[in-house]
Every structure is written in C-alpha cells, then in structure tokens.
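Single-letter residue listing:
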Amino acid sequence: MPRLSARARGVDASGIRKVFDLAASIEDPINLSIGQPHFDTPQPILEAVDRALRSGKNAYSVTQGITPLREKLAERIAASHPGQDRGVLVTSGTSGGLMLALMSLVDPGDEVVFFDPYFVMYRHMTVMMGGVPVAIDNAPDFDIDFDKLAAAVGPKTRVIVVSSPANPTGAVLDADTLRRLAEFADDRDVTLLSDEIYSSFVYDAPFVSPSEFSDRVVVVDGFSKSHSMTGHRCGWAHGPPDVIEAMTKLQQFTFVCSPHPVQWGAVAALDVDVTPYVDDYRRKRDLMRAELADAFDIRGAGGAFYLFARVPEGWESGTAFVKAALERGLLIIPGNVFSARDDYIRISFAAEDDTLLRGVAILRELARSGPRS
C-alpha cells in the first residue's frame, strides 16, 4: 500500500459519518442528526441555475466569482460595514472559504484557537495546514470566558475562530461579547475568523458580526443553510483586501472557482426572502425546547437548528445514549464529535414536526428509563 501522509493520518473519519454508517441498516430511521435544512432549494434559485445551464454558462468562471454576484455581495457588505475597505471572494461553499482562509493565515506550527464545542472542521482543517489546534472549553453556557482565552493565546497564535450562531450549540453571542472579542484579537495581532454560515437563523435578537467592530476580521458565509443549497457549493468571504487576494490566489490552484451555473443561482438567492423558513425553525426550536425541558439541560439554541443537550443523570456518556437511541431507530450525534467532552448529544430540529415528535418520545423515554443494566 502507498504510504499515507502525516496530514492524512492525522485526520480521523467524521464522527457524523460513523453515525450514518451505523444507521445504514435501520429501516425508516427518525433522523434528527442532519446538518442541513429539510426544505428544498427555493424555486427562483433552481430556475436561475437552469437558465444558466441552458444558456451555456458551464465553463469555468473567473476565480474570484462572477461580477454580478460579487457586486451584489459587495453592496450588502458595504452597507453593513460603513467606512471599511473589504475585499470579496466567491468560494466553493463556506467550507472552501474556511480552508482558503486558514491556508492564507497559518504556517506549520502556528496555533489556531477555537471554542469547545466546535464545528468539526476547525480542528481537522488546522491539522491539515500543519497548525496546532487549541480548544477552549466554554460549556455549560457556551459563552466566551476571556480569562481562559487570554491564557490560551500566546506568541504562536495566528487565528481565533468564532461562530455565532454556532454549530453544534446554536449559541448566539451578544454584541458586547463580539466587540470585545474583535478588540482582543486586534490588540494581540491575531486574525479573528468568523464563520457566519448560520447568520440567517437567529431567533431572539438581530444578527451581529464581529466584523462590524474591526476591519481586520475575516468572514466566511454562504447559501448552503439559508437557502438549502448544501450540494451547490457556493459561499463567499470578505475581509482585509490582502487576505482576500491571498485566498483568491490559492483558490485558483485548489477549487479553481465555485460552480459557474450555481453562482447565477446565488445571484437570484440574494433576492429570496428566507423569513418564512427562519420563522418555521424558530417555532420548531420552541417546540423542541418545550418538549424536552423537563428531561434535558439545554442551553444556547438562540440560532442555527440544533439543540446541544446534556445527557441525563445515570448515563455514562453521550456515546452510550446515542447507541441506545440508534437501537430505537433514532439518529442523533454524540457530543464528542464536536468536543473533548462526551456528556452531550446534538439534536437537529431541521425535520418535519411529526419526525420531531417521534424523536422526542424516544428521547424522553431514554431520559426516564436510563441505560439498560
């Protein structure tokens, strides 16, 4: 067998994929593990992609993205960031944007700080860059402890990654916290990288980006969650022009460009009102919290479409709880996929109500009965 690189050996298979593999034999599973919207891509977007396909827009686009999309994004970014000079790049999904940002900012041995629980790619992408991941535990309230942050940031720190709303917790940081975080990073000459893929799904307050408080913040966002375009692979990044230029150069030799016809769909997406979807997920969030409040400790959940719930007393781990749920046909994700801790589970409420209520019944039963002896 060919010798694998240290980079490949250093990355574990996704814990989410392992759950899917375990569940492959389950007939008609109750799927509350999914990390994507349960509604289809809105029709105006599909029609725009179809027109692009049929009109011959099937070759490469320019690496930085088609002009109509970049101009429309730049207009919106300028309106929310008055006085800032921010470059814009269309990326191959938000994951592509995250990878390009880290490739542009991190050398081997550099440290990347993020908050635990965290989106799984933060750790693995850092390893792929040859960087050193540094996770800061922010359970149980999922807020930022600045004393812990100050202790974790040192001379080798190059990037702090933040996501609000966050996957897996749904936690939303308030404006004061985000301002303080942006100023903290600036004071230490560290780049703050803000993952804003769930920016449309904020339920209890207006969305706030840390980039509003500093022109040094690099932002990645996309259409995957807000417009149910996870398979289309179209996102964007904005930030200091020199960073965006470096990301554009690296995209040329990696992803080349976001899929060309999809970019025309993204132009249409910017005019699609997603408020009805957001309102529906707020209702589902409220339903799930009400149904599970007496059985689980659930914090965060101010945005995205996840509940990160602590397993009830009597259960030795989130992994054990998930295994018992799988035996009953319920798919959820153990918290240790996203954390050094193994006493949580992630529940997605991106599903039809009847699926949610079937899952609730099993979750409540497991909480009540405890593990089998």
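Now for a look at the structure at hand. (Residues numbered from 1 in each chain as written. Predicted model: local features only at pLDDT ≥ 70, side-chain atom pairs only at ≥ 80, totals over all residues. Heavy atoms only, no water.)

1. Topic: helix 8 (residues 175-187)
Now for step 1: Between its terminal C-alpha atoms helix 8 stretches 18 Å, which fits the 18 Å expected from 13 residues at 1.5 Å a residue.
Now for step 2: Those residues of helix 8 not exposed but buried are Thr177, Leu178, Leu181, Ala182, Phe184 and Ala185. Burial along helix 8 is one-sided: seen end-on, the buried residues are contained in an arc of 160°. Helix 8 presents Asp176 and Asp187 as exposed residues on the side facing more than 90 degrees away from its buried surface.
Now for step 3: Where helix 8 is buried, its residues touch strand 3 (111-116), helix 7 (146-152), strand 5 (157-163) and strand 6 (191-195).
Now for step 4: N-cap assignment for helix 8: the residue whose side-chain oxygen lies 3.2 Å from the backbone N of Asp176 is Asp174.
Now for step 5: Once helix 8 finishes, Asp189 follows within two positions and takes phi at roughly 55°, a positive value. (Helix = DSSP H or I, 4+ residues; strand = E, 2+ residues; numbered from the N terminus. Expected span 1.5 Å × (residues − 1). Buried < 20%, exposed > 50% of the residue type's maximum accessible area, 1.4 Å probe, protein only. Arc of directions from axis to C-beta. Contact = heavy atoms within 4.5 Å. Polar contact = N/O pair within 3.5 Å; in protein donor to acceptor, adjacent residues only side chain to side chain.)

2. Here's the deal with the side chain of Glu196
Now for step 1: Its place among the elements puts Glu196 in the loop between strand 6 and strand 7 (218-222).
Now for step 2: One buried charged residue, Glu196, remains without a salt bridge, the closest side chain of opposite sign being Arg86 at 7.4 Å.
Now for step 3: Discounting chain neighbours no more than four positions away, the residues touching Glu196 are Phe207, Ser209, Pro210, Val219, Val220 and Asp221. (Lys, Arg positive; Asp, Glu negative; His and termini not counted. Salt bridge = Lys/Arg side-chain N within 4 Å of Asp/Glu carboxyl O.)

3. A few points about the sheet that holds strand 7
Now for step 1: The mixed open sheet is built from seven strands, whose spatial order is 2-8-7-6-5-3-4. Of all the strands in the sheet, the pair left with one neighbour each is strand 2 (87-91) and strand 4 (132-137). Averaged over all adjacent pairs, the angle separating strand axes in this sheet is 20°, with direction ignored.
Now for step 2: Bridge count between strand 2 and strand 8 (residues 235-239): five bridges; the pairing is antiparallel. Paired with Leu89 across the strands is Ala237, a residue of strand 8.
Now for step 3: Here helix 4 (residues 67-80) sits on the sheet in contact with strand 2 and strand 8, set at roughly 130° to strand 2. (Pairing = 2+ DSSP bridges. Axes fitted to C-alpha atoms, helices over the stretch in contact; angles between N-to-C directions.)

4. A look at the sheet that holds strand 12 (residues 333-334)
Now for step 1: Strands sit in the order 9-10-13-12 across an open sheet of four strands; the sheet is antiparallel. Taken across any chain shown, the strands that pair with only one partner, and hence form the sheet edges, are strand 9 (297-299) and strand 12.
Now for step 2: Pairing of strand 12 with strand 13 (residues 344-348) involves two bridges; the strand directions are antiparallel. Note that in strand 13 the partner of Ile333 across the bridge is Arg346.

5. A short note on helix 5 (residues 93-105)
Now for step 1: Here helix 5 contains 13 residues, and its C-alpha end-to-end distance of 19 Å stays within 8% of the 18 Å for a straight helix at 1.5 Å per residue.
Now for step 2: Burial in helix 5 covers these residues: Gly93, Thr94, Gly96, Gly97, Leu98, Leu100, Ala101, Leu102 and Leu105.

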